Amino acid sequence: MHEMAIAQNLLEIVLDESARHGMRRVDRIVVQVGALAAVVPEALTFCFQVVSQDTPAASARLDIETVPVVVRCPLCGELFEVEDRFDACPDCGPVMSGMHMVSGREMTVLSIEGEGDNEGVEDHDGNQGAGGSEHPGDQRPTGGRKS
Ligand SMILES: [Zn+2]
């Protein structure tokens, strides 16, 4: 259950950012997690609820987007998305070593919205343009009950 560690890490980032922007309360957090991070959105939502208790982020809604794994071929420098294997380049064929993972394992906080700050925090440095963003429904962290 590594979601707990991720949730704690996320909370630190959120509290840090919200404090920096003078937010009194965090309403919404959008995070991207790489496909290889093997994060279960429901589990992360639950864990974040637990760790954010008694913090300004306690009632925040967590929107989790899953991004594909992107690697860079060391031979031609091409970037491409892969499913789960990344040992072959579409152009060069199998690459025995040095396929560089660009994204897929990390967690990126895309935006934090809250009260006390009208503009929110937009941090769109990791735009993949891959179109694979899927919102896992409208899950309020309060209650934790489905349907
Ligand atoms: Zn290549």
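Looking at an unreviewed UniProt entry, the protein chain carries the name Hydrogenase maturation factor HypA, with the source organism given as Desulfacinum hydrothermale DSM 13146. The record in UniProt for the protein chain states the following under Function (unreviewed entry): "Involved in the maturation of [NiFe] hydrogenases. Required for nickel insertion into the metal center of the hydrogenase." According to the UniProt record, the Sequence similarities (unreviewed entry) comment for the protein chain reads "Belongs to the HypA/HybF family."

Novice: Help me understand the overall build of the protein chain in this model?
Specialist: Secondary structure summary: the protein chain contains two helices and nine strands in total. Ordered by position in the sequence, the α and β elements of the protein chain form the string α-β-α-β-β-β-β-β-β-β-β. The 147 residues of the protein chain split such that 39% are buried. In the protein chain, the share of contacts with a sequence separation of at least 24, taken over all contacts with a separation of at least 6, comes to 73%. Within the structure as shown, the protein chain displays about 8,600 Å² of accessible surface, and the carbon and sulfur contribution to it stands at 47%.

Novice: Would you explain the sheet that holds strand β4 (residues 79-82) in this entry?
Specialist: Two orientations exist for strands paired in a sheet by backbone hydrogen bonds: parallel and antiparallel. With respect to topology, three strands assemble into an open sheet ordered β4-β3-β7, the strand pairing being antiparallel. In this open sheet, the two edge strands, each paired with only one partner strand, are β4 and β7 (100-103). Direction aside, the axes of adjacent strands within the sheet are offset by 40° on average. Summarising the sheet, strand β3 (residues 69-72) and β7 pair through three bridges and their orientation is antiparallel.

Novice: Whenever I open this one, the pattern of salt bridges confuses me. Can you help?
Specialist: Side chains bearing opposite charge may pair, as long as their charged atoms lie close to each other. Under the counting rule described, the total for this entry stands at seven salt bridges. A salt bridge links R25 to D27; its shortest N-O distance comes to 2.9 Å. According to the relative accessible area criterion, R25 is partly exposed, its value standing at 34%. Looking at D27, the relative accessible area reads 28%, which means it is partly exposed. Among the charged side chains, a network of salt bridges with common partners joins R28, R61, D63 and E113.

Novice: Help me understand the UniProt feature "binding site: Ni(2+)" (unreviewed entry) in the protein chain, please; the structure alone is not making it clear to me.
Specialist: Per the UniProt record, the feature "binding site: Ni(2+)" (unreviewed entry) sits at H2. Examined against the element boundaries, H2 turns out to sit in the segment before α1 (3-20). Setting aside residues no more than four positions away along its own chain, H2 makes contact with A37, A38 and V39.

Novice: What exactly am I supposed to notice about the coordination of the zinc ion here?
Specialist: The reference angle at a metal is 109.5 degrees if four donors form a tetrahedron and 90 or 180 degrees if six donors form an octahedron. Protein coordination at the zinc ion comes from C73 (SG), C76 (SG), C89 (SG) and C92 (SG), with a distance range of 2.2 to 2.3 Å. Here the zinc ion is ringed by four donor atoms whose angles at the metal span 107 to 113°, and the overall shape comes out tetrahedral. All donors to the zinc ion come from one chain, and their sequence spacing reads C-x2-C-x12-C-x2-C. On the basis of relative accessibility, which here comes to 37%, the residue C76 falls in the partly exposed class.

Calculation notes
Residues numbered from 1 in each chain as written. Predicted model: local features only at pLDDT ≥ 70, side-chain atom pairs only at ≥ 80, totals over all residues. Heavy atoms only, no water. UniProt positions renumbered as here; feature names shortened; annotations may be inferred. Helix = DSSP H or I, 4+ residues; strand = E, 2+ residues; numbered from the N terminus. Buried < 20%, exposed > 50% of the residue type's maximum accessible area, 1.4 Å probe, protein only. Contact = heavy atoms within 4.5 Å. Areas by Shrake-Rupley, 256 points an atom, 1.4 Å probe, with all protein chains shown as cover. Pairing = 2+ DSSP bridges. Axes fitted to C-alpha atoms, helices over the stretch in contact; angles between N-to-C directions. Salt bridge = Lys/Arg side-chain N within 4 Å of Asp/Glu carboxyl O. Donors = N, O, S within 2.8 Å, 3.2 Å for Na, K, Ca; no water. Tetrahedral: all angles 85-135°; square planar, octahedral: opposite > 155°, others 65-115°.

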